[in-house]
2 protein chains.
Amino acid sequence: MVFWSFFFNNTKNEYYKKNNKETLLITELNHNNKILKVYLSFENNINMLELEKLCDTVGWVRRPITKVKIALENSFLIISIFYYNNHKKELIGFARATSDNSFNATIWDVVIHPEFQKKGLGKILMNQLIKELRYHEISTITLFADPQVIKFYTHLGFLMDPDGVKGMFWYPIQN
Amino acid sequence: MVFWSFFFNNTKNEYYKKNNKETLLITELNHNNKILKVYLSFENNINMLELEKLCDTVGWVRRPITKVKIALENSFLIISIFYYNNHKKELIGFARATSDNSFNATIWDVVIHPEFQKKGLGKILMNQLIKELRYHEISTITLFADPQVIKFYTHLGFLMDPDGVKGMFWYPIQN
C-alpha cells in the first residue's frame, strides 16, 4: 500500500482538508491478474443502483431506493471506495455517518465487496472516516456492530460497552 | 395524568401531525404544594442557558454553548418538557435525536430535572419521541444507555444487544 502511506499517513491535515472531497488513490490491488488502482472519496454523488448492487453482494435486504437517497442526503459523511473499469466507476466499498455536526456521529452501512475483503480496504475506509470526523471535531464516534465484525472494530480502536454503556434498539415490530 | 390520555393515547395521528410543533398540555403535577401545568413541545427554539441549567441539575459535564447550539441545529428532533413560572418557561425535560431522516435515529441527551423525576415525565418524553420518529417512518430507533437507566429503557420496549449487535465507541483519548 504505497499510495496509502503517501497520501494519508505522511501528509498534513491542511493537505487533507483541501482535498477531502477529491478522489484519492489509496492502493493498487492485484485482482484477477490485473493491477487495479483503488480510489477513495468523500463525494456524495453515489449512484443508487451501484450502491444497491454492492449491498446485494453482501446479502443485505433490499431497501427502497427513494429512502436510501433520503438517508444519503441526510448523512453527515459518505465515504466510498472504487476502481475504474473502462472509465466506469465500480463501487467496492461504502460507509456513511449521521451526526449532529458537533459532538456525536454514528456510522452506518459499512460494506466492502466480498471479492475485495481481507485486503485492508475496510481498515482504510474506517480510518479515513474516523479521521474526517475527527477533523470536524466530533468527539464521540459510535456504531452498532454485528457479532461477526466486533473484532474488526475492536482492532480499529472501538470499545464495546465502555463503562457499561449499552447500545439499545427499539423496533416497530415489538408494538 | 388526565391530559396525557386525552391528548395522545386517544387521538388520531392526523391530530398529532397537525399539532406536533405546538405546545401540548401533558399533565398536572403537585409540586411544592402548587399545581403545575406541564407542557411538551417539539419546537426547536430551546434557550441554551436554560438547557445548560437543566443539564447542570443532573451533573453533566458542561459543554461549550456554541457547540450545543450546532448540535441542536443538526438534530432531527428536539423534544422538551416545561412549565410556566410567572409566564417564564421553566425547562424540566429534554431529549434530541439525530437521524438520516429515513431509516435510523439515535437519541441523545435525555434529561429530566431531578425534582421532577419518578413522576412519569421521562416515559412521556420518550414515548412521544418514539411516536414522532415512527410518524416519520424511522424504523430503527437507537440509543446508548448508561447502566443505571438500562431498565428504564427496557420498560419502554428498547432491546439491549439484539441478536448480539453491540454498541461500540471510538474516543479520541485512545489515539
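Residues numbered from 1 in each chain as written. Chains lettered and ligands numbered in written order. Predicted model: local features only at pLDDT ≥ 70, side-chain atom pairs only at ≥ 80, totals over all residues. Heavy atoms only, no water.

Trainee: Please explain the overall build of chain A as it appears in this structure.
Mentor: Of the regular secondary structure elements, chain A holds six helices and eight strands. Helices (α) and strands (β) of chain A occur, in sequence order from the N terminus, as α-α-β-β-α-α-β-β-β-α-β-α-β-β. Among the 175 residues that make up chain A, the fraction classed as buried is 51%. Contacts in chain A between residues at least 24 apart in sequence constitute 56% of all its contacts with a sequence separation of at least 6. (Helix = DSSP H or I, 4+ residues; strand = E, 2+ residues; numbered from the N terminus. Buried < 20%, exposed > 50% of the residue type's maximum accessible area, 1.4 Å probe, protein only. Contact = heavy atoms within 4.5 Å.)

Trainee: Can you walk me through the relation of the copies chain A and chain B in this structure?
Mentor: Mapping between the two copies of the chain is achieved by a rotation about an axis and a shift along the axis. With an RMSD of 0.0 Å, the operation that places chain A on chain B is a rotation of 180 degrees combined with a shift of 0.0 Å along the axis. Between the two chains, the operation in question is that of a two-fold axis. Scanning chain A for the C-alpha nearest the rotation axis identifies G167(A), at a separation of 2.0 Å. When the interface residues of chain A are mapped onto chain B, 100% of them again lie at the interface, so the same face is used by both copies. (Least-squares fit on C-alpha atoms with pLDDT ≥ 70 in both.)

Trainee: What is the right way to look at the environment of D56(B) in this model?
Mentor: Residue and element names in this part refer to chain B. Mapped onto the secondary structure, D56 falls in helix α3 (residues 48-57). Under the relative-accessibility criterion, D56 is labelled partly exposed at 30%. A distance of 2.5 Å separates polar atoms of two side chains, one belonging to D56 and the other to R62. (Polar contact = N/O pair within 3.5 Å; in protein donor to acceptor, adjacent residues only side chain to side chain.)

Trainee: I'm lost on the sheet that holds strand β8 (residues 166-170) of chain B in this one. Help?
Mentor: By way of backbone hydrogen bonds, the strands of a sheet pair with one another, either parallel or antiparallel. Reading across the sheet, the eight strands line up as β1(A)-β2(A)-β3(A)-β4(A)-β5(A)-β6(A)-β8(B)-β7(A) and stay open at both edges, with mixed pairing between neighbours. Whereas interior strands pair on both sides, the edge strands pair on one side only; in this sheet they are β1 (24-31) and β7 (159-160) of chain A. Alignment of strand β3 (residues 77-85) of chain A against strand β4 (residues 88-99) of chain A, held across nine bridges, turns out to be antiparallel. Residue pairing across strands places I81(A) opposite G93(A), the latter belonging to β4(A). Running over the sheet, helix α5 (residues 121-135) of chain A touches β1, β2 (34-41), β3, β4, β5 (104-112) and β6 (140-145) of chain A together with β8 of chain B and is turned about 160 degrees from β5(A). (Pairing = 2+ DSSP bridges. Axes fitted to C-alpha atoms, helices over the stretch in contact; angles between N-to-C directions.)

Trainee: Mind showing me how you'd approach the interface of chain A and chain B here?
Mentor: When the parts of a complex come together, some accessible area is lost, and that lost area is often used as the size of the interface. Taken together, the 50 residues of chain A in the interface contact 50 residues of chain B. Taking both sides of the interface into account, the surface hidden between chain A and chain B amounts to around 4,700 Å²; carbon and sulfur atoms contribute 62%. Sorting the residues of chain A by area buried against chain B places F103(A), M168(A) and W170(A) first, and these three jointly supply 18% of that buried surface. Applying the counting criterion to the chain A and chain B interface returns four salt bridges. Residue D161(A) is joined to K166(B) by a salt bridge in which the shortest nitrogen-to-oxygen separation is 3.0 Å. Linking chain A with chain B are 22 residue pairs in polar contact (both at pLDDT 80 or more), by the criterion used here. Taken together, the elements giving at least two residues each to the side of chain A that touches chain B come down to α4 (65-73), β4, β5, α5, β6, α6 (150-155), β7 and β8 (166-170) of chain A. As judged from the two bridges shared by β7(A) and β8(B), these two strands associate in the antiparallel manner. By the bridge assignment for β8(B), L159(A) is matched with F169(B). (Buried area = accessible area lost by both parts, 1.4 Å probe. Salt bridge = Lys/Arg side-chain N within 4 Å of Asp/Glu carboxyl O.)

Trainee: Quick question: what am I supposed to make of the packing of aromatic side chains here?
Mentor: Both the distance between ring centres and the angle between the ring planes are used here to describe each pair of aromatic rings. Per the stated rule, a full pass over the model turns up 19 aromatic pairs over all chains. With a centroid separation of 5.7 Å and an interplanar angle of 75 degrees, the aromatic rings of Y153(A) and F158(A) are classed as edge-to-face. What makes Y153(A) buried here is its relative accessible area of 6%. Taken together, the ring pairs in this structure connect W108(A), F144(A), F169(A), Y171(A), W108(B), F144(B), F169(B) and Y171(B) into an aromatic cluster. (Phe/Tyr/Trp six-rings, centres within 6.5 Å; stacked < 30°, edge-to-face > 60°.)

Trainee: Is there a simple way to think about the environment of M160(A) in this case?
Mentor: As for its position among the elements, M160(A) is in strand β7. It is 14 Å that separates the C-alpha atoms of M160(A) and T106(A), two residues lying 54 residues apart in sequence. Discounting residues that sit within four places of it in the chain, M160(A) has contacts with I150(A), K166(B), G167(B) and M168(B).

Trainee: What am I meant to see in the pattern of salt bridges here?
Mentor: Pairs may arise between side chains of opposite charge once their charged atoms sit close together. Under the criterion given, the structure shown has 22 salt bridges over all chains. Where E52(B) meets R62(B), a salt bridge forms, and the shortest distance between an N and an O atom there is 3.4 Å. Of the two residues, E52(B) is situated in helix α3 and R62(B) in the loop between α3 and α4 (65-73); the sequence distance between them amounts to ten residues. Put simply, E50(A), K53(A), K88(A) and E90(A) are held in one network by salt bridges that share partners.

Trainee: Explanation requested: the pairing of strand β5 (residues 104-112) of chain B in the structure shown.
Mentor: Regular strands show a simple pattern: their side chains alternate between the two faces of the sheet. Residues and elements named next belong to chain B. Counted residue by residue, β5 has eight buried out of nine residues, so it is predominantly covered. Where strand β4 (residues 88-99) lies against β5, six bridges are found, and the strand directions are antiparallel. Of the residues in β5, the one forming a bridge with S99 is A105. In textbook terms, the turn of a hairpin is the stretch between consecutive antiparallel strands, and for β4 and β5 this stretch comprises four residues, one of which, N101, has a positive phi near 60 degrees. Pairing of β5 with strand β6 (residues 140-145) involves four bridges; the strand directions are parallel. The partner of A105 across the bridge, within β6, is I141. Note on the crossover from β5 through helix α5 (residues 121-135) to β6: the handedness is right-handed. (Right-handed = clockwise from strand over helix to strand, strands pointing away.)

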